[in-house]
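Descriptive analysis of the structure
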Amino acid sequence: MVLLHYKSYLLMSLTAQKGKNLMDLNQLKRIDELPHLASLTIEELYAELPLYERVLITTCDVTYDEVTAEEELLHICVSKDVNFLHDFCQGTKPINIPCYECKADRTFNPRAGWNPRNASDRITNGNKSSKQVSTNKVTISRQYNQMTRNGNGSNHPCYRYGVNHLADIDYLEVGGIGWGEFIKECGNQCMSGILKEISEFRKDIECTYDSEHKGFADFIIVPAVPTKPVELKRYEQRLNEEKNKAPNANVERSNGEMEAEELYNKYCRALLIIKVGQYPALRDTQLFDTKKYRNILNENYKYYTLSISLYSEGVGIGAFVYLRRILEDIVEEVHQQCVAECNKRNSDTKLAFDEAKYQSLHFNEKISYLENTYNKVIIPAEVEQVREKLYGVLSKGVHESSEEECLELYPYVRCIIEVFLDDIIQRKERKKKIDLAMKKLQSSNDR
């Protein structure tokens with residue numbers, strides 16, 4: 001799976017370079033909205049990040065620290081995203097995530113990342129061939145050209161994978177190329193070094209409660225912007241055509257072309273890390289603690305699990321479809337309860353449930369009508385602030401939003417739906433306790 005997906009991305013990049021699937025402004029805007037790697041936790045990368053969702057690694061936003069007053073040098077360090085990538089790939093610090101076998105949260109020990117392509121065939125047992133998968137770690141490259149400081153001001157950033165230190169420089173002597181160009185070169189060094197060393201890697205984990213409970217996650221790293229956006233290419237083409245006519249020609253750019261150039265310059269040295277494989281599957285680690293909703297959801301429980309499964313496979317719109325249906329059915333169940341209670345209390349048809357009025361209302365209005373008219377609780381107080389937004393977000397996700405937008409919002413929408421379900425469970429358990437207590441107390445008076 002990893003190999004095929006990696007090849008498909010490379011094919012897409014090559015096709016884009018041939019002009020058949022060009023990067024455009026809309027794609028650049030979606031990249032601009034992606035989460036940064038450093039904004040996540042290692043636990044989230046393992047247990048929450050769905051397959052094929054992209055996470056951004058920027059390389060040019062380097063940091064620097066002054067060393068000493070005597071040396072007057074700056075330590076130039078890699079970006080936060082690159083530093084986090086080092087820690088994630090090479091790290092072995094224990095993490096706490098769900099264990100599918102234990103059916104509980106457990107502590108796992110990760111191994112240092114390794115490249116699954118490093119497999120070697122060897123002959124065993126005579127002529128029988130068996131494949132032995134290399135467990136070589138993704139190690140720091142030995143090729144490291146030290147920065148030269150020979151007094152001529154030729155300071156150049158150097159990068160080796162896994163080390164966060166790029167260079168020691170004199171701010172006033174950046175080789176005469178200027179600080180901006182120096183930072184760009186820092187990004188180029190990081191980008192090329194990462195792609196060379198860890199364009200693909202795997203992280204294995206082992207449960208500390210039972211060493212037989214193992215898992216892994218496969219990742220690839222690819223350029224975020226493999227080619228110039230079509231808007232920028234069109235502008236450059238117009239500019240060249242005009243300069244051929246008049247060398248001093250000035251061609252005005254549209255707002256879209258200026259925005260495309262700005263975003264291209266911002267992310268042309270950025271990378272994307274993508275999870276392309278996982279065991280146990282994300283849906284399995286997320287489903288073992290969902291059984292408490294089975295009796296509440298009844299027939300909708302299969303839609304709930306399907307929604308989680310689709311999200312874990314990177315299908316955002318489909319996952320939204322099932323969440324919206326669950327929300328609609330929660331409201332419909334309360335609607336039917338109100339109809340039954342109203343008709344039971346009132347034999348007079350004039351006091352029966354006003355179905356025609358109810359059906360004429362919009363979805364959010366139906367919720368308010370049931371709550372206010374029949375003293376029902378549908379929207380828990382904790383999430384009152386999103387009362388008017390939840391159904392709109394789900395409907396927009398089904399009809400308008402992109403897969404990326406749905407995948408980004410899915411965990412939060414699911415969280416709100418589960419707040420609804422938890423509230424229903426708590427109210428039912430509370431009613432059960434009260435009914436039992438009332439029954440016992442009443443029976444005691446009859447003795």
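A quick note: this is a predicted structure, and the numbers were derived from the prediction, not measured.

What about the overall build of the protein chain?
From N to C terminus, the protein chain includes 15 helices and 11 strands. Taken over 447 residues, the protein chain has a buried fraction of 43%. Of all intrachain contacts in the protein chain linking residues separated by at least 6 positions in sequence, the fraction that spans at least 24 positions is 65%. Surface exposure of the protein chain reaches about 25,600 Å², of which carbon and sulfur atoms provide 48%.

Digging into the sheet that holds strand β9 (residues 200-207)
The strand order β1-β11-β10-β9-β5-β4 describes an open sheet built from six strands, whose pairing is antiparallel. The open sheet has two edge strands, β1 (54-57) and β4 (95-99), and neither has a second partner. Along the sheet, successive strands turn relative to each other by an average axial angle of 40°, direction set aside. In this structure, β4 lies alongside strand β5 (residues 104-110), joined through five bridges in antiparallel fashion. From the neighbouring strand, Ile 95 faces β5, where its bridge partner is Phe 108. Strand contacts of helix α5 (residues 179-198): β9, β10 (214-223) and β11 (271-279), with the helix running at about 140° to β10, the strand carrying the most contacts.

Looking at the pattern of salt bridges
Considering all chains together, one arrives at 17 salt bridges under this definition. Lys 228 is the salt-bridge partner of Glu 236, the closest N and O atoms lying 2.9 Å from each other. A residue is classified by how much of its surface remains accessible, and Lys 228, at 29% relative accessible area, is partly exposed. A salt bridge links Arg 427 to Asp 423, with the shortest nitrogen-to-oxygen separation between them at 2.9 Å. Separated by four residues within a single helix, Arg 427 and Asp 423 lie in helix α15 (residues 403-445), roughly one turn from each other.

A few points about helix α13 (residues 363-374)
In this model α13 runs 16 Å from its N-terminal to its C-terminal C-alpha over 12 residues, within 8% of the 16 Å that 1.5 Å per residue would give. Residues Phe 363, Asn 364, Lys 366, Ile 367, Tyr 369, Leu 370, Glu 371 and Tyr 374 constitute the buried set of α13. In this fold, the buried residues of α13 make contact with α11 (316-345), α12 (355-359) and α14 (390-399). One or two residues past the end of α13 sits Asn 375, with phi positive at roughly 55°.

Description of the side chain of Glu 231
You can see Glu 231 is positioned in helix α6 (residues 230-245). Despite its burial, Glu 231 pairs with no opposite charge, the nearest such side chain being Arg 234 at 5.7 Å. At 3.1 Å, the side chain of Glu 231 and the backbone nitrogen of Leu 25 are in polar contact. Leave out the neighbours within four places in its chain, and Glu 231 touches Asp 24, Leu 25, Gly 256, Glu 257 and Ala 260.

Quick notes on the environment of Ile 317
Structurally, Ile 317 is set in helix α11. We classify Ile 317 as partly exposed; its relative accessible area is 24%. Remark: the alpha-carbon pair of Ile 317 and Glu 404, spanning 87 residues in sequence, is separated by 8.9 Å. The residues contacting Ile 317, other than those within four sequence positions of it, are Gly 397, Val 398, Ser 401, Ser 402, Glu 403 and Cys 406.

Some remarks on the environment of Asp 289
With respect to the secondary-structure elements, Asp 289 resides in the loop between α8 (282-287) and α9 (294-297). Remark: the alpha-carbon pair of Asp 289 and Ala 104, spanning 185 residues in sequence, is separated by 8.0 Å.

Concerning the packing of α11 against α14
The N-to-C vectors of α11 and α14 enclose an angle of 140°; their axes lie 8 Å apart at closest approach. Our pair here, α11 against α14, has a crossing hand that is left-handed. Along its contact with α11, which presents Ile 317, Phe 320, Val 321, Leu 323, Arg 324, Leu 327 and Glu 328, the element α14 presents Leu 390, Tyr 391, Val 393, Leu 394, Ser 395, Gly 397, Val 398 and His 399. Tallied by class, the residues present in the contact of α11 with α14 amount to 10 nonpolar, three polar and two charged.

Here's the deal with the layout of surface pockets
Reported here for the largest pocket is a volume of approximately 780 Å³. Around the largest pocket sit 30 residues that line it, and Glu 48, Gln 286, Tyr 311, Pro 411 and Arg 414 are the ones nearest its centre. Here the lining of the largest pocket gets eight residues from one element, more than from any other, and that element is α15. Class assignment for the residues of the lining of the largest pocket results in 17 nonpolar, four polar and nine charged.

Brief notes about the nonpolar core
Grouped together as the largest cluster of nonpolar side chains are 43 residues, with contacts concentrated most on Ile 326, Leu 327, Phe 353, Leu 370, Leu 390 and Phe 420. Elements with a contribution of two residues or more to this core: α9, α10 (301-312), α11, α13, α14 and α15. In this structure Ile 326 touches Leu 297, Asn 300, Tyr 303, Tyr 304 and Ile 417, once residues within four positions along its chain are discounted. Listed in part, the 42 residues of the second largest apolar core include Val 78, Phe 108, Met 191 and Ile 221.

Comments concerning the packing of aromatic side chains
Throughout the structure, instances matching the rule amount to 15 aromatic pairs. Measuring from centroid to centroid gives 6.3 Å for Tyr 358 and Tyr 369, while their planes differ by 45°, and the two rings are tilted. Of the two residues, Tyr 358 is situated in helix α12 and Tyr 369 in helix α13; the sequence distance between them amounts to 11 residues. The exposure class of Tyr 358 is buried, given its relative accessible area of 2%. On the basis of relative accessibility, which here comes to 12%, the residue Tyr 369 falls in the buried class. A connected cluster of aromatic rings, assembled from ring pairs, spans Tyr 46, Phe 88, Phe 201 and Phe 219. Over the aromatic face of Tyr 209 sits the side chain of Arg 106, whose NZ or CZ is 4.0 Å from the ring centroid.

Digging into unusual backbone geometry
Look at the link from Tyr 279 to Pro 280: it is a cis peptide, with omega at -10°. In this fold, Pro 280 is placed in the loop between β11 and α8. Phi at Asn 298 takes a positive value of approximately 55°, unusual for a residue other than glycine. Checked against the element boundaries, Asn 298 lands in the loop between α9 and α10.

Quick notes on the rules
- Residues numbered from 1 in each chain as written.
- Predicted model: local features only at pLDDT ≥ 70, side-chain atom pairs only at ≥ 80, totals over all residues.
- Heavy atoms only, no water.
- Helix = DSSP H or I, 4+ residues; strand = E, 2+ residues; numbered from the N terminus.
- Buried < 20%, exposed > 50% of the residue type's maximum accessible area, 1.4 Å probe, protein only.
- Contact = heavy atoms within 4.5 Å.
- Areas by Shrake-Rupley, 256 points an atom, 1.4 Å probe, with all protein chains shown as cover.
- Pairing = 2+ DSSP bridges.
- Axes fitted to C-alpha atoms, helices over the stretch in contact; angles between N-to-C directions.
- Salt bridge = Lys/Arg side-chain N within 4 Å of Asp/Glu carboxyl O.
- Expected span 1.5 Å × (residues − 1).
- Lys, Arg positive; Asp, Glu negative; His and termini not counted.
- Polar contact = N/O pair within 3.5 Å; in protein donor to acceptor, adjacent residues only side chain to side chain.
- Left-handed = near helix turned anticlockwise from the far one by under 90°.
- Nonpolar A, V, L, I, M, F, W, Y, C, P; charged D, E, K, R; others polar.
- 1 Å grid on protein atoms, 1.4 Å probe; cavity = no way out; pocket = protein on both sides within 12 Å on 5 of 7 lines; lining within 4 Å.
- Points joined across faces, edges and corners; volume = space filled by probe spheres on them.
- Core = buried A, V, L, I, M, F, W, Y, C linked by side-chain atoms within 4.5 Å.
- Phe/Tyr/Trp six-rings, centres within 6.5 Å; stacked < 30°, edge-to-face > 60°.
- Lys NZ or Arg CZ within 6 Å of the ring centre and 35° of its normal.

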